[in-house]
Amino acid sequence: QVQFVESGGGLVQPGGSLRLSCAASGSRFSIYTMGWYRQAPGKQREWVAAITRGGSTNYADSVKGRFTISRDNAKNTMYLQMNSLKPEDTAVYYCNAITGSGGDSSPLGSWGQGTQVTVSS
């Protein structure tokens, strides 16, 4: 089973940027559609962005135009470039292989520890 390790979170001021990474174990990373999710305190985990094995991307409306998802299959790694961050982007961010490629997607693997993103002045 593929496992995931998220990194790159931190504290950033509103309007700032962060780049998250998702490192996957196993040799089957390149065949999966991958997704980023986030969970804010007191809220359910929500889908943020997805990228197919061919590189097609999809975003939740709340992050469209500010976040960019990408992947490097040779490195078994996926990224989330987050620009123009807002306080409402504060959450723990997770990655996973997914079915589907949008808001109706479902995770295929186990959840990792996630990486905390805090947007605050």
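Here is a short report on the structure shown in this document. Computed from a predicted model, the values in this text were never measured in an experiment.

Thresholds, definitions, all that
- Residues numbered from 1 in each chain as written.
- Predicted model: local features only at pLDDT ≥ 70, side-chain atom pairs only at ≥ 80, totals over all residues.
- Heavy atoms only, no water.
- Pairing = 2+ DSSP bridges.
- Helix = DSSP H or I, 4+ residues; strand = E, 2+ residues; numbered from the N terminus.
- Axes fitted to C-alpha atoms, helices over the stretch in contact; angles between N-to-C directions.
- Core = buried A, V, L, I, M, F, W, Y, C linked by side-chain atoms within 4.5 Å.
- Buried < 20%, exposed > 50% of the residue type's maximum accessible area, 1.4 Å probe, protein only.
- Contact = heavy atoms within 4.5 Å.
- Disulfide = S-S within 2.5 Å.

Our next topic: the sheet that holds strand β7 (residues 67-72). The strand order across the open sheet formed by four strands is β1-β3-β8-β7, and the pairing between neighbours is antiparallel. Unpaired on one side and paired on the other, β1 (4-7) and β7 mark the two borders of the sheet. Each strand of the sheet is rotated relative to its neighbour by a mean of 15 degrees, with strand direction disregarded. As judged from the six bridges shared by strand β3 (residues 18-24) and strand β8 (residues 77-82), these two strands associate in the antiparallel manner. Residue pairing for β8: S21 is matched across the bridge by Y79.

Moving on to the nonpolar core. Formed by 34 residues in total, the largest nonpolar core has its most connected members in M34, W36, M78, L80, M82 and Y93. For this core, the secondary structure elements donating two or more residues are β3, β4 (33-39), β5 (46-51), β7, β8, β9 (91-99) and β11 (115-119). Other than its neighbours up to four places away in sequence, M82 contacts G16, S17, L18, L20, R66, F67, Y93 and V117.

Quick look at the state of the cysteines now. Summed over the entire model, instances satisfying the criterion amount to one disulfide. Disulfide partner of C22: C95, at an S-S distance of 2.0 Å. The sign of the S-S torsion, about 75 degrees, decides the handedness of the disulfide formed by C22 and C95: right-handed. Residue C22 is found in strand β3, and its partner C95 is found in strand β9; the two are separated by 73 residues along the sequence. On the basis of relative accessible area, C22 is assigned to the buried category, the value being 0%. According to the relative accessible area criterion, C95 is buried, its value standing at 0%.

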